[in-house]
Amino acid sequence: MNATLVARACIALALLLIVLGGAVSGHGAVALFSVFLGGLWLINTFLSWYSWSTFSFLGLLICAALLSVWQAEWWALSATIFLVSAWDFDAFSARLKEHHKIEHGIEKAHLRQIGLIALVGFILGSIPLVWRFSLALSGALLLAIILIIVLVLSLRTGGRTAG
Amino acid sequence: MLGRFRWAFLGTVVALLIVFGLLFQKGSLLSLAIPFIVFLFASYYLPFCDDPQLRATRTLSASRVSSQTDVIVQLEIKNEGARIEEIRINDMIPSCLTLIDGESSAIGVLNSGDSIQLCYTVHGRRGLAQWQHILVSYNDHLGLRRRATRVSCTGHLFIMPDFPIVYEVEIRPRQTRVYSGAVRTKLGGAGIEFFGVREYYPGDALRHLNWKAMAHRDEPVTNEFEQERVADIGIILDARERTEVSVQDRSLFENSISSASSLADFFLAQGNRVGLLVYGNYIDWTFPGFGKLQREKLLHSLARAELSDKTIFENLENLPTRLFPVGSQLVVISPLVEDDVDVLVELRALYHVIVVSPNPILFEKSFLPTTEFLDLATRVARLKREILLSQLRQAGIRVVDWDTTQDLPIPVEQALGKHTLRHIQTVRGSL
């Protein structure tokens, strides 16, 4: 198994889902723009220009977010799952390339963990799409504040442990 | 690559998706934030080894080699603590070595009790290669929680200077030691070379009777031989930056090191007591001694020798002459600059001095394309140098002007050989 191949496969799948989502929702321009960004990202993986992958990832994520706004939520969620996986595998293959020796098993272990996280992410992410409920503005604001506080606390702790 | 900012990046993405989701009242945007939140929380809650217990062992195939000889380095890193999801190991190869084969870094999963082995081949130029520690960084699979540490794992490799073997250097110091050796002392006694004849005393060996002289003088006459003893020899290696010439990664100083090694090897092989002073960085003094152990000490010292530009050692004036016994033989190895003449002439008053001078002009010229101007410049520079060397010769210092394109033994034996010394002494009338 090769981490770069997995990253390329994930990029291609995410790109395909965004293009299909764009076609289904009737927004060809987004599909075209995502093809450009995805192509750029794929080229970067061949040239080992890892610093550009984050920009391509962000661009494609914005495309997916636009699709989710334009009633192609399932396409967008699936594409996001593959985008996160592609971004992570791209960084992972960059770490692997810095070293002469790669111990057997690390790539499989990484794939297993990312696969599990992607699956859980997809299941949890699909809940709001399946189970819809209306929220008052005050409730929405309260939820937003709580989420942001939890996130900031989590980030602070995470930042400390990130070293 | 975001490195340690991956946390901040993902957090910002999540925050933006939530804010926009709430702002536009789109649950689908909130749903896009969920995979990222899962990613962040997974990293935080999955087990992570905060304090790894690592033990590293290094094995070298040799601890002392000549330059450009391959050495195999084996490194084993054992995990004596909890499992590490992703460990990255980087062995810091000393700058004087070049990796020619194998792996000096690795990445992998390290279970408790398991180990990672690295094996690589290096070679290098003269010097002391020292390994201090290995760099270890480890993180979770998602690359969000990271740590870096250094694991002590020492090792050292002496890369000895390459040197040609010199077969003949004739020296005549004023003072010698009592032990018999190879330095002629101008004193009659036991030896090999004929020195003269004297009256026979009872107890003299009958086989040394000179029958022809006895027939002339009509009394018993015995042959005397020149005593040969060991001498104190101090080698002074000039390591001043100002005398250095380096072109295309080739250094004149390496030639000085090579000649110092050759001469030290020769003098020790003759049974002499040899000390070494590397003049440049600090007073790097190897106390005089005899034999193979001393040879090893001198070679180690020469392997470590480095150039220095310290102001205090800019001139030879601060040469610690007290280290050398008066009347002993000094061998100064230096490309020489104009200021050095006076100091060397003063040294000549107390010691027998030999100067081996790698020629910096010819050294530099050998790397430059030949042009009319280069020839003219070389001629001017050589004339200037010739004046400098003739001042030393006039003071009775024996000088080897070494064209470094030639092997060292040729100019050394031409300038310091037995016949040359005899010729000089005949000219001076001291034979």
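None of the values given here were measured: they were computed from a predicted structure.

Thresholds applied
- Every residue gets a number counted from 1 within its own chain, in the order that chain's sequence is written.
- Whichever chain is written first is A, and whichever ligand is written first is 1; the rest continue in order.
- Only residues with pLDDT of 70 or above have their local features reported here, since the model is predicted, and side-chain atom pairs are shown and tallied only from 80 upward, although totals for entire chains, interfaces and linings are computed over all residues.
- With hydrogens and water excluded, all non-hydrogen atoms of the structure serve as input to the side-chain values.
- For every element, the axis is a line fit to its C-alpha atoms; helices are fit only across the contacting stretch, and the angle between N-to-C directions ranges from 0 to 180 degrees.
- In DSSP terms, a helix is any run of H or I states spanning at least four residues, a strand is any run of E spanning at least two, and both are numbered starting from the N terminus.
- Two helices that cross are described as forming a left-handed crossing if the nearer one is turned anticlockwise from the farther one by less than a right angle, and a right-handed crossing if clockwise.
- Contacts are assigned to residue pairs with any non-hydrogen atoms lying within 4.5 Å of each other.
- Three classes are used, and their members are as follows: Ala, Val, Leu, Ile, Met, Phe, Trp, Tyr, Cys and Pro are nonpolar, Asp, Glu, Lys and Arg are charged, and the others, Gly among them, are polar.
- Pairing between strands requires that DSSP locate at least two bridges from one strand to the other.
- Here a Phe, Tyr or Trp ring, Trp counted by its six-membered ring, pairs with any other such ring whose centre lies within 6.5 Å, and the pair is stacked when the planes are under 30 degrees apart, edge-to-face when over 60, and tilted otherwise.
- Summary of the burial criterion: residues with accessible area below 20% of their type's maximum are buried, those above 50% are exposed, and those between are partly exposed, where the area comes from a 1.4 Å probe applied to protein chains only.
- For a Lys NZ or an Arg CZ to count as sitting over a ring, it must be within 6 Å of the ring centre and within 35 degrees of the ring normal.
- Patch membership is restricted to residues that have no salt bridge and whose relative accessible area is over 30%. Joining uses 9 Å for like charges and 5 Å for the nonpolar side chains Val, Leu, Ile, Met, Phe, Trp and Tyr.
- Values of accessible area rely on a 1.4 Å probe in the Shrake-Rupley scheme; residue burial ignores everything except the protein chains shown.
- Salt bridges, as used here, are contacts in which a Lys or Arg side-chain nitrogen is within 4 Å of a carboxyl oxygen on Asp or Glu.
- Each domain's extent was defined by an automatic or database domain assignment.
- Take the buried residues of types Ala, Val, Leu, Ile, Met, Phe, Trp, Tyr and Cys, join any two whose side-chain atoms come within 4.5 Å, and each joined set is a nonpolar core.
- A crossover gets the label right-handed when its path from the first strand over the helix to the second runs clockwise, viewed with the strands pointing away from the viewer.
- The term buried area denotes the loss of accessible surface (1.4 Å probe radius) that occurs when two parts are joined, taken as the sum for both partners.
- Within 3.5 Å is the distance limit for a polar contact, defined as a pair of N or O atoms, with the added protein rule that one can donate a hydrogen and the other accept it, and that residues adjacent in sequence qualify only through two side-chain atoms.

A. Molecular detail of the packing of helix H1 (residues 3–25) of chain A against helix H3 (residues 53–69) of chain A. Residues and elements named next belong to chain A. Taken N-terminus to C-terminus, the directions of H1 and H3 make an angle of 35°; their axes are 10 Å apart at the nearest point. Both H1 and H3 take part in a crossing whose hand is left-handed. Between H1 and H3, the contacting residues are Leu15, Ile18, Gly21, Gly22 and Ser25 on the first element and Leu60, Cys63 and Leu67 on the second. Split into classes, the residues belonging to the contact of H1 with H3 amount to 5 nonpolar, 3 polar and no charged.

B. Molecular detail of the sheet that holds strand S3 (residues 71–79) of chain B. Residues and elements named next belong to chain B. The strand order across the open sheet formed by 4 strands is S1-S3-S7-S5, and the pairing between neighbours is antiparallel. Each edge of the open sheet is held by one strand with a lone partner, namely strand S1 (54–60) and strand S5 (97–102). The average angle at which neighbouring strand axes cross in this sheet is 30°, direction not considered. Sheet topology places S5 next to strand S7 (residues 115–124); 5 bridges connect them, and they run antiparallel.

C. Region of the structure containing the packing of aromatic side chains. Enumeration over the complete set of coordinates arrives at 13 aromatic pairs over all chains. Their ring planes at 40° and their centres at 5.3 Å tell us that Trp87 of chain A and Phe9 of chain B sit as a pair that is tilted. Residue Trp87 of chain A is found in helix H4 (residues 73–97), and its partner Phe9 of chain B is found in helix H1 (residues 6–23); the two belong to separate chains. Neither Trp87 of chain A nor Phe9 of chain B differs from the other in exposure class; each is buried. Among the aromatic residues, ring-to-ring pairing joins Trp41, Phe57 and Trp87 of chain A together with Phe9 and Phe36 of chain B into one connected group. Seen from the ring of Phe46 of chain A, Arg8 of chain A lies directly overhead, with NZ or CZ sitting 3.7 Å from the centre.

D. Just a nonpolar patch on the surface, in detail. Residue and element names in this part refer to chain A. Side chains of Trp74, Leu116, Val120, Leu124, Ile127, Val130 and Trp131 sit close together on the surface and give an oily, nonpolar patch of about 710 Å² of accessible area. When residues of the nonpolar patch are assigned to their parent elements, the largest contribution, 5 residues, is made by helix H5 (residues 106–130). On the secondary structure map, Val120 appears in helix H5. Given a relative accessible area of 35%, Val120 falls into the partly exposed group.

E. Spotlight on the pattern of salt bridges. Residue and element names in this part refer to chain B. Counting across every chain of the model gives 17 salt bridges over all chains. For Asp91, the salt bridge identified is with Arg58, shortest N-O distance 2.8 Å. Taken together, the residues span a long stretch of sequence, with Asp91 in strand S4 (residues 84–91) and Arg58 in strand S1 at a distance of 33 residues. There is no split in this pair, since Asp91 and Arg58 are both buried. For Arg240, the salt bridge goes to Asp238, with nearest N and O atoms at 2.8 Å. For Arg240, a relative accessible area of 2% puts it in the buried group. Each of Arg198, Asp204 and Glu224 takes part in a single network of salt bridges with overlapping partners.

F. Inspection of the domain arrangement of chain B at higher detail. The domains assigned to chain B are domain 1 (2–45), domain 2 (54–160), domain 3 (190–228) and domain 4 (232–430). The centre of domain 1 of chain B, based on its C-alpha atoms, is set 107 Å off from the matching centre of domain 3 of chain B.

G. Highlighting the sheet that holds strand S6 (residues 105–110) of chain B. Strand order in the open sheet formed by 6 strands is S1(A)-S6(B)-S4(B)-S8(B)-S9(B)-S2(B), with mixed pairing between adjacent strands. At either end of the open sheet lies a strand with only one pairing partner, and these are strand S1 (101–102) of chain A together with strand S2 (64–66) of chain B. Here strand S8 (residues 127–139) of chain B runs beside strand S9 (residues 146–160) of chain B; their pairing, made up of 12 bridges, is antiparallel. For Gln130 of chain B, the partnering residue across the bridge sits in S9 of chain B and is His156 of chain B. Sheet strands touched by H5 of chain A: S1 of chain A together with S4 and S6 of chain B. Its angle to S6 of chain B, the strand with the most contacts, is close to 55°. Against the sheet, helix H5 (residues 291–304) of chain B contacts S2, S8 and S9 of chain B, and its axis sits at roughly 130° relative to S9 of chain B.

H. Representation of the nonpolar core. Membership of the largest hydrophobic core comes to 58 residues, with the highest contact counts inside it found for Trp41 and Leu83 of chain A together with Leu10, Phe36 and Phe39 of chain B. With 10 residues, H4 of chain A is the single largest residue contributor to this core. If we ignore the near neighbours within four places in the chain, the residues touching Phe36 of chain B are Phe57, Leu61, Thr80 and Val84 of chain A together with Leu10, Val13, Val14 and Leu17 of chain B. If you look at the next biggest cluster of nonpolar residues, it comprises 33 residues, including Leu263, Phe267, Val274 and Leu302 of chain B.

I. Up close: the pairing of strand S18 (residues 352–358) of chain B. Residues and elements named next belong to chain B. Among the 7 residues that make up S18, 6 are buried, leaving the element largely enclosed by the rest of the structure. Here 5 bridges tie strand S17 (residues 329–333) to S18, and the two strands are oriented parallel to one another. Directly across from Leu330, in S18, lies its bridge partner Val353. Handedness of the β-α-β unit built from S17, helix H6 (residues 340–350) and S18 comes out right-handed. Pairing of S18 with strand S19 (residues 398–402), which is carried by 5 bridges, proceeds in the parallel orientation. Across the sheet, Ser357 pairs through a bridge with Asp401, a residue of S19.

J. Region of interest: the interface of chain B and chain A. Opposite the 55 residues of chain B that make contact, chain A presents 57 residues. Across the chain B/chain A interface, buried area totals approximately 4900 Å², and carbon plus sulfur atoms make up 72% of it. One can count 1 salt bridge joining chain B with chain A. Between Glu86 of chain B and Arg95 of chain A there is a salt bridge whose closest N-O contact spans 2.5 Å. Our count for the chain B to chain A interface comes out at 5 residue pairs in polar contact (both at pLDDT 80 or more).

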